[in-house]
Amino acid sequence: MSLFRTTASKILEINQVAVPLWTASRSMASSSTDLKCVVAEKLKQSGEEIKAFKKQHGSTIVGDVTVDMMYGGMRGIKALVTETSVLDADEGIRFRGYSIPECQKLLPKAPGGSEPLPEGLFWLLITGEIPTPEQVKWVSKSWAERAELPSHVVTMLNNLPNTVHPMTQLASAVALLNSESQFVQAYSKGVHKSQYWEYTYEDSMNLIAKLPVIAATIYRNIYHGGNQVGTIDTERDWSANFTSMLGANSSEDFTELMRLYLTIHSDHEGGNVSAHTTHLVGSALSDPYLSFSAGMCGLAGPLHGLANQEVLLWLEKLREEVGDSVTNDQLKEFILKTLKSGQVVPGYGHAVLRKTDPRYTCQREFALKHLPKDPLFKLVSQVFDVVPPVLNALGKVKNPWPNVDAHSGVLLQYYGLKESNYYTVLFGVSRALGVLASLVWDRGLGLPIERPKSLSTEKLKELVSKAKAA
């Protein structure tokens, strides 16, 4: 969602006029541990500043649209606004102005841990401020207290056939939670639109709290005979409760991986399919449950959330054909064979990035620290050395570097979570942090229903002819 793709801590500069979206210092967090109070303060402040900015610069032209953009999936069109993150082609993702390495350094961690807690990232996304450990603990406890699933959702999940795809189960369970929506109840009673964000916030907090329980139930039902997922411990963090319920691996290292995974997959500005879909459906004032469910249907697509699964399948094909001891020449030959067959090398390239994805880099650093001798990790490292030069030599690829999906599946496999069909569910649990934080801001800023203008090819030809004549 990016008209200017700015962050809360950055400054918009249009015609030499600077308008800070946040006047509070980005290094100073509000003292309150109640997240809703902090968000209320930020929305009031930003709403006034954006109103003034629109009044002064509402007619300013900031981008050009080409015919290729219109036929190419609106790629690169500057047409949306998202406050939570910015994706720079040469720099990578920044969450409210902070890079991934900065988030790893600055966000609070679990006692004895070294990876950031996703609760802290959510606080950053929704307020623009690095939280204190006390504020993160407040979020952890709040989510734990909201985590219980309604009985009808549990019944539905327990009665779905194991053949129903995990992402279908996730989207269905989330949609069914619509029965609990505080936003729906408030709207039906005629609540003033200035209060929409408050009920969107409550629904979002409840949904994020329940997602690990839903995801763990799906995992246990499909792959482990429907064994109980266990209970939520209100003294543990969100990721620790999630890994405990999954039961795949109870080690602290796996919990640390999940903290990292759930943090770095959370947001990727607003133009990607899952984020844009959630925003689009929410713009019709659909509640957060329906909006996020729609976003998960988009995430389930092979061009979006299924990519890490395809990376593993490609690696397995490589091992089957060549064996475990792969030379660089054999790997190069296999890559060229993949490309000549009309396929792509999964995990390489990105719609926006023109460098190695920082999310790949931090996962690689985690692997170097925790599993440097793992055969599959070694193979991924070898692919990292060989693929970019091959793609560069072909001269047809704008970005020959690895993205986040090139590494995540390998780490999950190492810690015993081998069911790759399930990986997109983990992605979805993480993505909720970003898209729901954005949805709260959509309602807080009073953004309208999204309705862009579309044209027929004939009408477009007519406009192009007029433009050329002029």
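Residues numbered from 1 in each chain as written. Predicted model: local features only at pLDDT ≥ 70, side-chain atom pairs only at ≥ 80, totals over all residues. Heavy atoms only, no water.

Draft legend 1. Quick look at the packing of helix 5 (residues 133-145) against helix 9 (residues 196-223). Where helix 5 contacts helix 9, the two axes come as close as 8 Å, and the packing angle between them is 80 degrees. The angle between helix 5 and helix 9 falls in the class roughly perpendicular. Contact with helix 5, carried on its side by Trp 138, Ser 142 and Trp 143, involves Tyr 201, Met 205, Ile 208 and Ala 209 of helix 9 and no other residues of that element. (Axes fitted to C-alpha atoms, helices over the stretch in contact; angles between N-to-C directions. Helix = DSSP H or I, 4+ residues; strand = E, 2+ residues; numbered from the N terminus. Parallel < 35°, antiparallel > 145°, perpendicular 65-115°, else oblique. Contact = heavy atoms within 4.5 Å.)

Draft legend 2. Local environment of the UniProt feature "active site" (unreviewed entry) in the chain. What UniProt calls "active site" (unreviewed entry) maps, in this numbering, to His 304, His 350 and Asp 405. Spanning 102 residues, the annotated positions come together in the fold, the maximum distance between their C-alpha atoms being 10.7 Å. You can see His 304 is positioned in the loop between helix 13 (288-299) and helix 14 (307-322). Among residues more than four places away in sequence, those in contact with His 304 are Asn 272, Val 273, Ser 274, Gly 298, Leu 299, Asp 405 and Arg 431. Here Asp 405 lies in helix 18 (residues 405-414). The contacts of Asp 405, once residues within four sequence positions are left out, are His 304, Ala 307, Asn 308 and Val 311. (UniProt positions renumbered as here; feature names shortened; annotations may be inferred.)

Draft legend 3. Examining the pairing of strand 3 (residues 85-88) more closely. For strand 3 and strand 4 (residues 92-95), the ladder comprises four bridges, and the chain directions are antiparallel. Looking at the pairing, Val 86 lines up with Arg 94 of strand 4. Turn length for the strand 3-strand 4 hairpin, with the two strands adjacent in sequence and antiparallel, is three residues. (Pairing = 2+ DSSP bridges.)

Draft legend 4. Focus on the pattern of salt bridges. Evaluated as defined, the whole model comprises 16 salt bridges. For Arg 94, the salt bridge goes to Glu 91, with nearest N and O atoms at 2.8 Å. On the basis of relative accessibility, which here comes to 17%, the residue Arg 94 falls in the buried class. Several salt bridges converge on common partners, so that one network encompasses Lys 36, Arg 146, Glu 198 and Glu 202. (Salt bridge = Lys/Arg side-chain N within 4 Å of Asp/Glu carboxyl O. Buried < 20%, exposed > 50% of the residue type's maximum accessible area, 1.4 Å probe, protein only.)

Draft legend 5. Molecular detail of the sheet that holds strand 3. Spatially, 3-4-5 is the arrangement adopted by the three strands of the open sheet, whose pairing is antiparallel. Of all the strands in the sheet, just strand 3 and strand 5 (98-99) have a single pairing partner and so form its edges.

Draft legend 6. View of the packing of aromatic side chains. All chains considered together, the criterion is met by 14 aromatic pairs. On the numbers, 6.2 Å between centres and 20 degrees between planes, the contact of Phe 183 with Tyr 187 is stacked. One end of the pair, Phe 183, and the other, Tyr 187, are both in helix 8 (residues 182-188), four residues apart, so they sit about a helical turn from each other. For Phe 183, a relative accessible area of 4% puts it in the buried group. Taken together, Phe 254, Phe 366, Tyr 414 and Tyr 415 form an aromatic cluster joined through their ring pairs. (Phe/Tyr/Trp six-rings, centres within 6.5 Å; stacked < 30°, edge-to-face > 60°.)

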